Each structure stands twice: as C-alpha cells, then as structure tokens.
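Structure at a glance
Here is what each chain is made of, one letter per residue.
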Amino acid sequence: MGLLEREESLASLAACADEARRGQGRLVLVSGEAGVGKSALVERFTAGLTGARCYLGACDGLFTPRPLGAFLDIAGQFGGKLAELARRCDAPTAREELFGLLPGELSDLGKAGGVRAVVVEDIHWADEATLDLLRFLARRIGSLPVLLIATYRDDELASSYPLRMALGDLAVQRCTRRVDLAPLSAAAVAALSAGSGLDAAELYRVTGGNPFYVTETLRTGLDQVPRSAVDAVLARVAGLGPGARDVLHAAALIGSVVEPWLLEQAADCPPSTVDELVDRGMLDADGAVLRFRHEIARRAVAQEIPAHRQPAIHARLLAALLAAGSTDHARLAFHAEAAGDAPATLEHATLAGRHAAGLGAHREAAAQFERALRAAGGEPGAVLAGRYEALADELSVIDSWDAAAAAYERALSLWRTTGDPLREGDILRKLSTTLWRLCRGREAGDASEAAVRVLEPLGPSVELARAYASAAADL
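This report concerns the structure included in the present document. (Residues numbered from 1 in each chain as written. Predicted model: local features only at pLDDT ≥ 70, side-chain atom pairs only at ≥ 80, totals over all residues. Heavy atoms only, no water.)

1. Comments concerning the overall build of the protein chain
Stated precisely, the cut-off is as follows: Runs of E in the DSSP output that reach at least two residues are strands. Runs of H or I that reach at least four are helices, and both are numbered from the N terminus. What the globule rule says is 2.2 Å times the number of residues to the power 0.38, and the radius of gyration is computed from C-alpha atoms. Only protein chains enter the accessibility calculation, which uses a 1.4 Å probe; a residue whose area is less than 20% of its type maximum is buried, one above 50% is exposed, and one in between is partly exposed. Contact between two residues is taken to exist if any of their heavy atoms lie within 4.5 Å; hydrogens are not considered. Method for areas: the Shrake-Rupley scheme with a 1.4 Å probe, in which residue coverage is limited to the protein chains shown.
The secondary structure content of the protein chain amounts to 24 helices and eight strands. Computed over its C-alpha atoms, the radius of gyration of the protein chain comes to 32 Å, more than 25% above the 23 Å expected for a compact globule of 475 residues. Based on the C-alpha atoms only, the size of the protein chain along its principal axes is roughly 110 × 45 × 35 Å. Within the protein chain, buried positions represent 47% of all 475 residues. Partitioning the contacts of the protein chain with sequence separation of at least 6, the portion at a separation of at least 24 is 67%. Total accessible area on the protein chain stands at roughly 21800 Å², and carbon and sulfur atoms take up 53% of it.

Following this line, the structure appears as structure tokens:
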C-alpha cells in the first residue's frame, strides 16, 4: 500500500534531519493509533535518507519487557565497546555503562560527517530503564548531528503508564518535535479501494480510515472481519482485567454509539472501569457518548464473546433501556431477540416495523416484520395471517417479489384455515399482482379469477372492486 496523505509527515522528518546535519540534534516523537502506519512512515523516511547511518531498535510487546532491550539492540549495531556491552547485557553494570558510552559514541560518529538516525520503535512497550535513557539522550543530543526517532501508540496511554510521565519530560526539551499520524481520509480510502468492487464509503465507515484495517478488509471483503484485524484487536483486549473485559463485551453489543450510563448499568460496573477502557484506547469519548475507534474493532470484540454469554448481556441491556423509558423499538427488538425474549421481541419488532413503514423505510419495516414472525409462535391463525400479509406488502414495495409471493401464499393458507373469505379474496388479488411481476402470467390470471370467485358471493366491497380492476388488467 502506498503512503497516501503522509507527505507532510515525511517533510517534517526531513526538516529535522536537515537540522541534525547542522549539529542541531532532534528527537522526533511519532505517534498514532495501532495500524495507522508509523513503522511504514519511518521505514520510507530512513530508506530515502542520504548521507546517514541508521540504527534500529524495537521494544517488545512482552508482559515483562526486556530491560533496555531496544537500546541494547542498537548498541549491537555500533560495534566496538557498545557491541561488547550488548553481548553481556546481563552484567550488573550494563545500565551505567550504556548511559555512559552511548552519548560519546554518537558524538564520535558525528565527527565523521553526515547524520546518525537512531530509531526506537514502540516505546509504549518500553521498560522504565529504556524511557530513562530516552530522556537522558534527549537532554544531550541538541548539539550533535543525531536524529532520534521514537514511535508509540497514542491509543495505549493510560494515565498510570510510565510513558505518559516520560512524554511530559520529553515534550519540554528544546530538541523535541512531534509527528502525529491521523487515519486516512475518506478520499484516500476511496483511492485505495478503487477497482476492488467494495463500497468506499462503507469501507471508510467500518475501518475509520485506519490503513491496516483498510488493507486487510480489501483482502477479505466487508462481509467479514479479517482474521489479522481480529488478532490485533484481541491482543489488546487480552491486556485488560476480567472486569474491564466484561464491560468491553457489553459495549460491543450495545453498538457503534455507547451511552456511559447504559454501559455502567448493563455491566454493573463503576465509572472508573469505563474510564479505564477510554484510557487504554479501547473506547473513545465523543461528547456525551462513547464509541469504538473503529467499527471493525467493535465487530472483532463482539464476535469473540462466547455464545452462551451473549443472551444475558442483551437481557441486561434490554432491562436497562426499558427502565429508562426508551421508545426506540428497533433497538429494543434487537436486544430482545438476542436475549431470547420472544414476547418482547414480538412487541417491539411489530411496533418498529409499523414505524418504519410509516416513514417510508420499507426495507427496515420488512426486516422488523420478519423478526416479529420469528418470535410469533403460538399466535392465532388470523393474527399470523395479518403478519404475513404486512410483511408481503413491504416486500412488494422493495421489489422483493419472490419473498413477497411466498409470504402472500402463507397468508392465503392461514386465511383459508380461519375461514375469512374476504381476506382470502383480497390476498388472492395481491398474489395475482405479485405473480405477474414474476412473469408467471398464467398463475397470475388464475389467482385473479379466483379472487373474483371468492369475493362476488359476499356482495359489493372495496376488495371486490379491486379484484375486478386486477382481472380487467389481465385481459
């Protein structure tokens, strides 16, 4: 993937390198969320850096970081005393020796001309000794031809992390510069997805413009969460305690917009637990609500919740919404069905379907009527017939004629069973129109004639008039 919309960031790094060549050393803090392309940016920059030698070290994402690991890796690339020190890194005096040798080695290299670029990746995983050395160097490279680049994830900065305190110290150094990487714009995502066949707007909505998620979704499509993205998200979830993980699960099932009060009630947790998820970058504060930074991250968390645990979470969400007086029947129906609460599903899906139909949202109305039917077992035949007819009417509006025909036929069978010829005749008339749309002309004509035969003995009615009009149209 090309580095779209990174020209300004590359230019900033280049300007810092020019200042370092003039003996004005710089520390550049490159920040951004996981997957935004920090490493790709630094790799592109160092690959094109002329007249320079580059040294690279990375902090490991281990539960117990290797003390001074990144700088010992860098020391091994220098040769001489530093390389020897790297080989005996377990020596009791390794810290003091590294602090004493590294600034001098950088100074000696500077005398040879050119610039020395030292890159320390992923300092959000750094141990305290590594952060101490970073601060130590930042106070000493201002007069050296040294470009020190440190990358970190700004979505993993909890208030208790040592890195937050280190950044406070680094920010006030005169040599410090910042490069903050933002996700890609909708236009950039559209450019990347050109020719893929995927809807660019939906791709941007799902990924939030995160380059890693965009690239992976282009490989797998929008209908599934890429396994690599799931692994990346769950690796971060694994760092949460059980309580915070349970709250995150509830948030994932609430949806793209998460009300803090609802999350606290449904998960039965104190506000501090929700704050922890925000501090760790799992959720973003957006005014009075919370959001997952990316829809793809929400989906990854939701699909990893054990199936046997999901109904209980949905039941708590439903209870909390009802207690708060919610009239968002579409939302209530969703949680009711997922909780296995058939009566509540039937009630709220029916109301949601009627509301959607009244607003002209016929596709949504059909989906809600289908949901209601899934929960409608045991209802009287006349009630069920009415439900199938309402569903068929909505399916007809959205040109889903095969499904509409099946629903009308189910309604017809039920009306016949209940012995209501008026409704039977009217359904035959509607079925005739549907069959005609499906190019089943003979069957359409038969249904039209049957409608007239059933309705005529009942005397004049609106339904009979409609049946005559339908039959006339078939002539």
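2. Section: helix α8 (residues 186-193)
Threshold: What the arc measures is the spread of directions leading from the helix axis to the C-beta atoms.
Along α8, the residues classified as buried are Ala188, Val189 and Ser193. One side of α8 carries all its buried residues, which in axial view fall inside an arc of 130°. Among the structural elements, α9 (200-207) and α10 (211-220) are those in contact with the buried residues of α8. Looking one or two residues beyond α8, the residue adopting positive phi is glycine 195, at roughly 85°.

3. Let's talk about the sheet that holds strand β4 (residues 146-153)
The condition is simple: We call two strands paired when DSSP finds no fewer than two bridges between them. Angles shown run from 0 to 180 degrees and are taken between the N-to-C directions of axes, each axis being a line fitted to C-alpha atoms and, for helices, limited to the stretch in contact.
On the basis of which strands lie adjacent, the open sheet formed by five strands has the order β2-β3-β4-β1-β5 and parallel pairing. The strands lining the two open edges of the sheet, one partner per strand, are β2 (52-58) and β5 (176-180). Strand-to-strand twist across the sheet, computed as the mean angle between neighbouring axes with direction ignored, equals 20°. Two elements, strand β1 (residues 26-32) and β5, share five bridges in a ladder whose sense is parallel. In the strand pairing of β5, valine 30 is matched with valine 179.

4. What to know about helix α7 (residues 162-171)
If you check which residues of α7 are buried, you get Leu163, Ala166, Leu167 and Leu170. The buried residues of α7 occupy an angular sector of 105° when the element is viewed end-on, so they sit on one face. Those residues of α7 that are buried are in contact with β1, α6 (128-138), β4 and β5.

5. Here we look at the packing of aromatic side chains
Condition: Each Phe, Tyr or Trp ring (for Trp, its six-membered ring) is paired with any other whose centre lies within 6.5 Å, and the angle between the two planes then decides the class: stacked below 30 degrees, edge-to-face above 60, tilted in between.
A full pass over the atoms with the stated rule returns three aromatic pairs. Residues tyrosine 55 and phenylalanine 78 carry aromatic rings whose centres are separated by 4.2 Å and whose planes lie at 10° to one another, so their mutual orientation is stacked. Residue tyrosine 55 is found in strand β2, and its partner phenylalanine 78 is found in helix α3 (residues 69-78); the two are separated by 23 residues along the sequence. When its relative accessible area of 2% is taken as the criterion, tyrosine 55 is described as buried. Centre to centre, the rings of phenylalanine 99 and phenylalanine 136 are 5.0 Å apart; their planes meet at 55°, and the pair counts as tilted.

6. Regarding the side chain of threonine 345
Worth spelling out the cut-off: Any pair of N or O atoms that falls within 3.5 Å is considered a polar contact. Within protein, one atom must be able to donate a hydrogen and the other to accept it, and sequence-neighbouring residues count only if both atoms are side-chain atoms.
Mapped onto the elements of the fold, threonine 345 is located in helix α18 (residues 342-358). In terms of polar contacts, threonine 345 uses its side chain to reach the backbone carbonyl oxygen of alanine 336, at 3.4 Å.

7. Some thoughts on the sheet that holds strand β8 (residues 289-292)
Spatial ordering of the open sheet is given by β6-β8-β7, a layout of three strands whose pairing is antiparallel. Looking along the sheet, the strands with just one partner apiece sit at the ends: β6 (257-258) and β7 (283-286). Judged from the four bridges that link them, β7 and β8 form a sheet pairing that is antiparallel. Opposite leucine 283, over in β8, you have phenylalanine 292 as the bridge partner.

8. Structural notes on unusual backbone geometry
A positive phi is found at aspartate 122, a non-glycine position, where the angle reads about 60°. Here aspartate 122 is to be found in the loop between β3 (115-121) and α6. A positive phi is found at aspartate 268, a non-glycine position, where the angle reads about 50°. Within the fold, aspartate 268 resides in the loop between α13 (260-267) and α14 (271-279). The exposure class of aspartate 268 is exposed, given its relative accessible area of 71%.

9. A few points about the environment of alanine 467
With respect to the helices and strands, alanine 467 occurs in helix α24 (residues 462-474). By relative accessible area, alanine 467 is classed as buried at 1%. Taking the C-alpha atoms as reference points, alanine 467 and serine 432, 35 residues apart in sequence, are found 9.5 Å from one another. Setting aside its immediate chain neighbours within four residues, alanine 467 contacts Arg429, Ser448, Ala451, Val452 and Leu455.

10. Observations regarding the packing of helix α22 (residues 421-437) against helix α23 (residues 441-455)
Worth spelling out the cut-off: In these notes the angle categories are as follows: under 35 degrees is roughly parallel, over 145 is roughly antiparallel, 65 to 115 is roughly perpendicular, and the rest is oblique. By the definition used in this description, the sense in which the near helix is turned from the far one sets the handedness, with an anticlockwise turn below a right angle giving left-handed and a clockwise turn giving right-handed. Gly falls in the polar group here, along with every residue not listed as nonpolar (Ala, Val, Leu, Ile, Met, Phe, Trp, Tyr, Cys, Pro) or charged (Asp, Glu, Lys, Arg).
Two numbers describe how α22 lies on α23: the axes approach to 8 Å, and their chain directions differ by 160°. Between α22 and α23, the angle falls in the class roughly antiparallel. At the point where α22 passes α23, the crossing takes the left-handed sense. Within the contact between the two elements, α22 uses Pro421, Leu422, Glu424, Gly425, Asp426, Leu428, Arg429, Ser432, Leu435 and Trp436 and α23 uses Glu443, Ala444, Ala447, Ser448, Ala450, Ala451, Val454 and Leu455. Each residue belonging to the contact of α22 with α23 can be placed in one class, and the counts come to eleven nonpolar, three polar and four charged.

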